[in-house]
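Close look at the chain arrangement
Residues per chain are reported as follows:
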Amino acid sequence: MGFVKYEQKEQYAIITIDREKALNALNSQVLTDLDEVLNGVDVDTVRALIITGAGAKSFVAGADISEMSSLTKEQGEAFGKKGNDLFRRIETFPVPVIAAVNGFALGGGCELSMACDIRLAAENAKFGQPEVGLGITPGFGGTQRLVRLIGVGKAKEMLYTCAQIDAQEALRIGLVNAVYTSEELMPAAEKMAQKIARNAPIAVRATKKAANDGLQTDMDTAIAIEAKLFGSCFETEDQRNGMTAFLEKRRPDPYQNK
Ligand code: DAK
């Protein structure tokens, strides 16, 4: 695939945005390639995904400014929709997605990381939403996901000032879960993906759906969503395996996604 590499490693897979010369900036082709890579993920065997950027300097330095610079209003809206549809697809993808943020995560890069379930950062990571400094609004969900992730006050500060924050500040405000050296980042992301992959896949997926869907509604509806998904795990082979193993004081057999 042109700008996106895909590598499946047993029960997890790594997606690498590979446009290093432009610091992995998202042009339309990168968005298309990412979408096609997602089409090819075998969700029967892949239980977690990692998204990262090629090279040591940048995760994604934003949407491609040279491509955007001459867009009309209609084209701008269409570009925003293309990115938003893709990021929403990542957010609701049936398996957990970890962003391994290996450098700049600006504009569309910060937005891509926020569409993932979990963000791990290298020490050199830099997060920011520089859009209003370029004369546009964030267009791939930044105004919505940032306020939900780090709270309205801090998010608005980042959105209005375009200030970049480093990995430690991102950790302090809860934008990332952990910070590693550049060398440790991918091993840590892969270890987390393996940990997720060891758990019962049907339950992990249902948990992701419950958390995501519940966040968008009131507590009573959210609890009803959870109850339904909780119920859906029963009578599965994996539920029987997990609970029988507990009662027999042993580890479960490997979960079969059944
Ligand atoms: N787009 C295109 N090219 C980029 C790029 C980007 N976002 N970021 C970097 N590059 C390219 C540079 O142009 C340069 O290319 P050459 O000149 O070598 O051909 C190459 O990558 C290396 O970059 P630098 O030479 O600038 O490297 P430095 O280390 O000096 O600086 C930097 C790194 C990340 C600080 C700097 O490159 C930078 O400031 N980049 C732009 C960061 C940025 O502003 N990102 C946000 C983009 S805006 C919407 C839809 C989407 C969006 C908004 C609205 N709607 C439809 C409503 C999303 C917007 C954004 O993401």
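The structure contained in this document is the topic of the report that follows. In this convention, every chain numbers its residues from 1, walking through the sequence in written order. Two thresholds apply to this predicted model, a pLDDT of at least 70 for residue-level local features and 80 or more for giving and counting side-chain atom pairs, whereas whole-chain, interface and lining totals are computed over all residues. To obtain the side-chain values, all non-hydrogen atoms of the structure were included, while hydrogens and water were left out.

Topic: the packing of aromatic side chains
Which entries qualify depends on this criterion: Centres within 6.5 Å make a pair out of two Phe, Tyr or Trp rings, where for Trp the six-membered ring is used; the pair is then stacked when the planes are under 30 degrees apart, edge-to-face when over 60, and tilted otherwise. Helix and strand labels come from DSSP, where a helix needs a run of H or I of at least four residues and a strand needs a run of E of at least two; each type is numbered from the N terminus.
Under the criterion given, the structure shown has 3 aromatic pairs. For the ring pair Phe 79 and Phe 140, a centre distance of 5.5 Å and an interplane angle of 55 degrees mean the geometry is tilted. Placement of the pair is Phe 79 in helix α3 (residues 73-91) and Phe 140 in the loop between β8 (126-128) and α5 (142-150), with a sequence separation of 61 residues. When the ring of Phe 87 is compared with that of Phe 140, the centres are 5.3 Å apart and the planes differ by 65 degrees; the resulting orientation is edge-to-face.

Things to note about the site of the ligand
We count it as follows: Any residue with a heavy atom positioned within 4 Å of a molecule or strand is treated as near that molecule or strand. Any pair of N or O atoms that falls within 3.5 Å is considered a polar contact. Within protein, one atom must be able to donate a hydrogen and the other to accept it, and sequence-neighbouring residues count only if both atoms are side-chain atoms. Surface accessibility follows the Shrake-Rupley procedure with a 1.4 Å probe radius. Residue values consider only the protein chains on display as shielding. Charged means Asp, Glu, Lys or Arg here, nonpolar means Ala, Val, Leu, Ile, Met, Phe, Trp, Tyr, Cys or Pro, and polar covers whatever is left, Gly included.
The ligand sits among 25 residues. The nearest are Lys 57, Ala 61, Ala 63, Gly 76 and Gly 108. Lys 21 places a polar main-chain atom, nitrogen or oxygen, 3.4 Å from an oxygen atom of the ligand. In the model, an oxygen atom of the ligand is placed 2.8 Å from a nitrogen or oxygen of the Gly 108 main chain. Here the ligand has 1100 Å² of accessible area as a free molecule, and 62% of this is covered by the chains. The set of elements that each furnish at least two residues to the shell around the ligand consists of α2 (65-68), α3 and β6 (104-106). For the shell around the ligand, the per-class residue count stands at 14 nonpolar, 7 polar and 4 charged.

Structural notes on a positive patch on the surface
Where we set the bar: Two joining distances apply to patches: 9 Å for like charges and 5 Å for nonpolar side chains (Val, Leu, Ile, Met, Phe, Trp, Tyr), and every residue must have over 30% relative accessible area and no salt bridge. We count a salt bridge whenever a side-chain nitrogen from Lys or Arg sits within 4 Å of a carboxyl oxygen from Asp or Glu. The charge count includes Lys and Arg as positive and Asp and Glu as negative, but it does not include His or the ends of the chains. Taken as the charge centre is NZ of Lys, CZ of Arg, CG of Asp or CD of Glu, depending on the residue. The cut-offs for exposure are 20% and 50% of the maximum accessible area for each residue type, with area from a 1.4 Å probe on protein chains only; residues under the lower value are buried, those over the upper are exposed, and the others partly exposed.
Taken together, Lys 191, Lys 195, Arg 198 and Arg 251 make up a surface patch of like positive charges. Relative to the assigned elements, Lys 191 resides in helix α8 (residues 182-198). The class of Lys 191 is exposed, set by a relative accessible area of 61%.

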